[in-house]
Amino acid sequence: MKSIGRKLIPLDKNDFKNLTLNKLVKKKMSEEKNSYEGSISSSYKNKELLKSILVLGVISTVIISMAIAGTFLSWWITPIEWMYLMFIIVYGVCGAIILIVYIYNSAYARNFTYKISENHIIIKHGVLTKIVATIPYSRIQNINIVNGVFDRMFKTFTVKIETAGSSAAAASAQKGIVRPEGYIPGLKDPYIIEKKIKEMMTKYSAVPSGLEDKIFKPEELAFDNFISYILSKMREGEKLMTSITELREKANISAAALAEKVGVPLQTINYLAEGRYNPSLALAYKIAEVLQCKIEDLFKLV
Amino acid sequence: MKFKKKIASRIKQFREELELPQLELAKLVGVSRQTIYYLERGSYNPSLTISFKISEILKKPINDIFYQEPVIKDILEGKSLAELREIAEIAGINLEKLASLSEIDDEELTKEFREDTLIKIALGLGVDFKELFEKEVEN
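Values in this document were obtained by computation on a predicted structure and should not be read as measured data.

## Observations concerning the overall build of chain B
Here is step 1: Along the backbone of chain B there are eleven helices and four strands.
Here is step 2: Buried residues in chain B amount to 30% of all 139 residues.
Here is step 3: When contacts within chain B are restricted to residue pairs at least 6 apart in sequence, those whose partners lie at least 24 apart make up 68%.

## Some words on the interface of chain B and chain A
Here is step 1: Between chain B and chain A, the contact holds 36 residues from the first and 35 residues from the second.
Here is step 2: Tallying contributions element by element places helix 4 (residues 48–58) of chain B first for the side of chain B that touches chain A, with four residues.
Here is step 3: Here the side of chain B that touches chain A is built from residues that sort into 17 nonpolar, 14 polar and five charged.

## Section: the pairing of strand 7 (residues 182–187) of chain A
Residues and elements named next belong to chain A.
Here is step 1: Most of strand 7 sits out of view: five of its six residues are buried.
Here is step 2: Alignment of strand 6 (residues 157–163) against strand 7, held across four bridges, turns out to be antiparallel. If you follow Lys160 over to strand 7, its bridge partner there is Tyr183.

## Section: helix 3 (residues 33–41) of chain B
Residues and elements named next belong to chain B.
Here is step 1: For helix 3, the full list of buried residues reads Arg33, Ile36, Tyr37, Leu39 and Glu40. Down the axis of helix 3, the sector holding all buried residues measures 165°, keeping them to one side.
Here is step 2: At the C-terminal side of helix 3, Gly42 shows a positive phi close to 80°.

## Some remarks on the sheet that holds strand 5 (residues 140–146) of chain A
Neighbouring strands of a sheet are bound in pairs by backbone hydrogen bonds; such pairs are parallel or else antiparallel.
Residues and elements named next belong to chain A.
Here is step 1: With respect to topology, three strands assemble into an open sheet ordered 5-6-7, the strand pairing being antiparallel. If you trace the sheet from one side to the other, it starts and ends with strand 5 and strand 7, each paired once. Looking at each pair of strands side by side, their axes are set apart by 10° on average, direction ignored.

## Overview of the sheet that holds strand 4 (residues 131–136) of chain A
Residue and element names in this part refer to chain A.
Here is step 1: If you trace the four strands from one edge of the open sheet to the other, you get 1-2-3-4, paired in antiparallel fashion. Looking at the sheet topology across the chains shown, the edges are occupied by strand 1 (36–39) and strand 4. Neighbour-to-neighbour, the strand axes of this sheet turn through a mean angle of 15°, independent of strand direction.
Here is step 2: In this structure, strand 2 (residues 113–116) lies alongside strand 3 (residues 120–125), joined through four bridges in antiparallel fashion. Note on strand 3: the bridge partner recorded for Lys115 is Ile122.

## Brief notes about the pairing of strand 3 of chain A
Residues and elements named next belong to chain A.
Here is step 1: The loop that links strand 2 with its antiparallel partner strand 3 comprises three residues.
Here is step 2: Across six bridges, the pairing between strand 3 and strand 4 is antiparallel. Paired with His120 across the bridge in strand 4 is Pro136.
Here is step 3: Following strand 3, the chain reverses through five residues before pairing antiparallel with strand 4; Gly126 in that reversal takes a positive phi of roughly 115°.

## Section: the packing of helix 7 (residues 81–91) of chain B against helix 10 (residues 115–125) of chain B
All names here are of chain B.
Here is step 1: Their axes nearest at 8 Å, the elements helix 7 and helix 10 cross at an angle of 145°. The two elements helix 7 and helix 10 meet at a crossing, and its hand is right-handed. Taking contact as the criterion, the partners of Glu86, Ile87, Ile90 and Ala91 in helix 7 are, on helix 10, Thr117, Lys120, Ile121, Leu123, Gly124 and Leu125.

## Points about the nonpolar core
Here is step 1: Among the nonpolar cores identified, the biggest contains 31 residues, and Ala284, Ile287, Ala288, Ile295 and Leu298 of chain A together with Ile36 of chain B are the most heavily contacted of them.
Here is step 2: Listing elements by their share of this core, those giving two or more residues are helix 11 (255–262), helix 12 (266–274), helix 13 (281–291) and helix 14 (295–298) of chain A together with helix 2 (22–29), helix 3, helix 4 and helix 5 (62–65) of chain B.
Here is step 3: With six residues, the top contributor of residues to this core is helix 13 of chain A.
Here is step 4: Discounting residues that sit within four places of it in the chain, Leu298 of chain A has contacts with Thr242, Ser243, Ile244, Leu247, Ala284, Ile287, Ala288, Leu291 and Cys293 of chain A.
Here is step 5: Among the nonpolar cores identified, the runner-up in size contains 19 residues, and Tyr44, Ile121, Tyr137 and Ile161 of chain A belong to it.

## Focus: the confidence of the model for chain B
Here is step 1: When the pLDDT values of chain B are averaged, the result is 85; 98% of them are 70 or greater.
Here is step 2: The ipTM, which scores confidence in the relative placement of chains, is 0.76 for this predicted complex, and the corresponding pTM is 0.49.

## Topic: the packing of helix 3 (residues 43–72) of chain A against helix 4 (residues 80–111) of chain A
Residue and element names in this part refer to chain A.
Here is step 1: Orientation of helix 3 relative to helix 4, taken along the N-to-C sense of each, is 165°, at an axis distance of 9 Å. Judged on the interaxial angle alone, helix 4 and helix 3 are roughly antiparallel. Viewed along their axes, helix 3 and helix 4 form a crossing whose handedness is right-handed.
Here is step 2: Broken down by class, the residue content of the contact of helix 3 with helix 4 amounts to 18 nonpolar, four polar and two charged.

Rules of the game
For every chain, the first residue of its written sequence is number 1, and the numbers climb from 1 along that sequence. Chains and ligands are labelled by the order in which they are written, letters from A for the one and numbers from 1 for the other. Residues qualify for local features only when their pLDDT is at least 70, as the model is predicted, and side-chain atom pairs are given and counted only at 80 or more; totals for whole chains, interfaces and linings, by contrast, use all residues. Starting at the N terminus, helices and strands are each numbered in turn, a helix being any DSSP run of H or I of at least four residues and a strand any DSSP run of E of at least two. Each residue is classed by its C-beta neighbour count within 10 Å, where at least 20 other C-beta atoms makes it buried, 12 or fewer makes it exposed, and intermediate counts make it partly exposed; the C-beta atoms are placed from backbone geometry. Here, residue contact means that the backbone-derived C-beta atoms of the two residues sit within 7 Å. Here the nonpolar group is Ala, Val, Leu, Ile, Met, Phe, Trp, Tyr, Cys and Pro; Asp, Glu, Lys and Arg are the charged ones; every other residue, Gly included, is treated as polar. A pair of strands is labelled paired if DSSP reports no fewer than 2 bridges between them. Here, the arc refers to the directions that run from the helix axis to the C-beta atoms. Orientation is described by lines fitted to C-alpha atoms, with helices fitted over the stretch in contact, and by angles between N-to-C directions that extend from 0 to 180 degrees. Crossing handedness is defined as follows: a turn of the near helix away from the far one that is anticlockwise and smaller than a right angle gives a left-handed crossing, while the clockwise case is right-handed. Here a nonpolar core is just a set of buried residues of the types Ala, Val, Leu, Ile, Met, Phe, Trp, Tyr and Cys, joined wherever their C-beta atoms sit within 7 Å. On a scale of 0 to 100, pLDDT captures the predictor's confidence in every residue. Just so you know how the angles are binned, under 35 degrees is roughly parallel, over 145 roughly antiparallel, 65 to 115 roughly perpendicular, and the rest oblique.

As structure tokens, this is what we get:
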């Protein structure tokens with residue numbers, strides 16, 4: 001007789017391991033929860049549509065009025081059939097351009113997402129070329145909220161996050177030629193973003209790079225350097241004692257083999273053994289690892 | 001196969017326990033404050049004499065203050081969950097296994113991961129393989 005019903009398959013040990021979520025993944029998930037995500041409102045495409053209609057409307061009107069004016073002032077004669085043809089071509093081309101721009105902008109608005117996470121702001125945008133811009137908080141200089149004429153018509157805002165970039169990019173960005181890296185258009189409520197960014201900046205970012213110099217006052221720095229100098233002079237009498245040779249012989253490793261394992265020239269090991277060289281901590285750790293002992297056993301400061 | 005490691009420190013934690021400002025510690029050790037700042041950030045490999053001095057002042061053994069941390073741990077922590085998923089997909093492993101890289105030791109690394117998987121992970125992270133892992137020297 002055949003057994004009916006499901007056969008129980010015992011879980012593999014590895015399956016269990018995967019069931020309990022790893023610490024890193026858990027941490028990432030909580031980070032994901034804390035972060036703020038959003039996209040831009042569809043008013044953006046309407047705003048851009050109005051802009052393009054205005055611009056192309058002006059251009060086509062100028063072209064056609066020039067043709068009419070030219071005929072009236074008898075600079076040239078435009079036959080009436082040509083006039084109709086011109087009307088159709090100019091308005092047709094303008095209409096096509098407006099349509100393409102509208103389609104492009106609605107795709108742009110649909111693809112635009114931003115995310116304010118614990119470490120940085122991530123802005124994803126682009127229709128043909130996809131761009132993912134990551135802005136770490138330490139590089140943000142200021143946040144500007146722009147509300148232009150068209151923005152006001154559609155009740156949207158543009159948030160510009162100015163960053164410390166290359167000088168050329170910064171100069172052109174100041175003149176308004178290049179958009180800043182952090183450019184988020186078509187926002188209904190920009191103050192949420194501003195608040196969130198500021199919150200994240202105070203909550204998570206450490207001292208921004210470069211700031212450690214600014215905290216220092218010049219007289220403090222001078223004093224600090226003076227003290228360091230005196231102390232270093234005092235420390236010159238100190239000597240680093242080492243028992244590297246004994247430990248090496250105990251572990252039955254030749255100096256050459258040790259040098260190879262640690263990845264330094266043999267001479268370095270010899271200098272170390274003679275106490276003529278102050279190694280870096282990383283090197284000391286490597287030697288301690290090979291000889292299987294503590295750093296304190298290996299070296300002593302006398 | 002071994003993890004490439006860098007020196008990380010708990011100076012900040014111990015310093016705050018003793019309520020010792022950065023500048024004071026710097027003066028006691030005889031280095032500038034920037035040095036302490038970089039040491040706390042783990043972006044500086046100190047000389048042994050400085051390490052001894054710090055361990056003397058903080059009254060903790062060197063092993064407690066400075067510890068070796070795989071470089072990959074730092075990089076994995078800097079990635080978002082979506083990016084980690086992508087990398088796991090590139091390497092052909094699941095997310096939990098990729099994340100376990102931040103916890104396991106050298107021995108487990110050799111057991112759990114094949115070299116080609118590690119190469120793919122490095123590729124996904126956009127980092128050179130040699131910056132994350134090193135091969136052991138044969139005797």
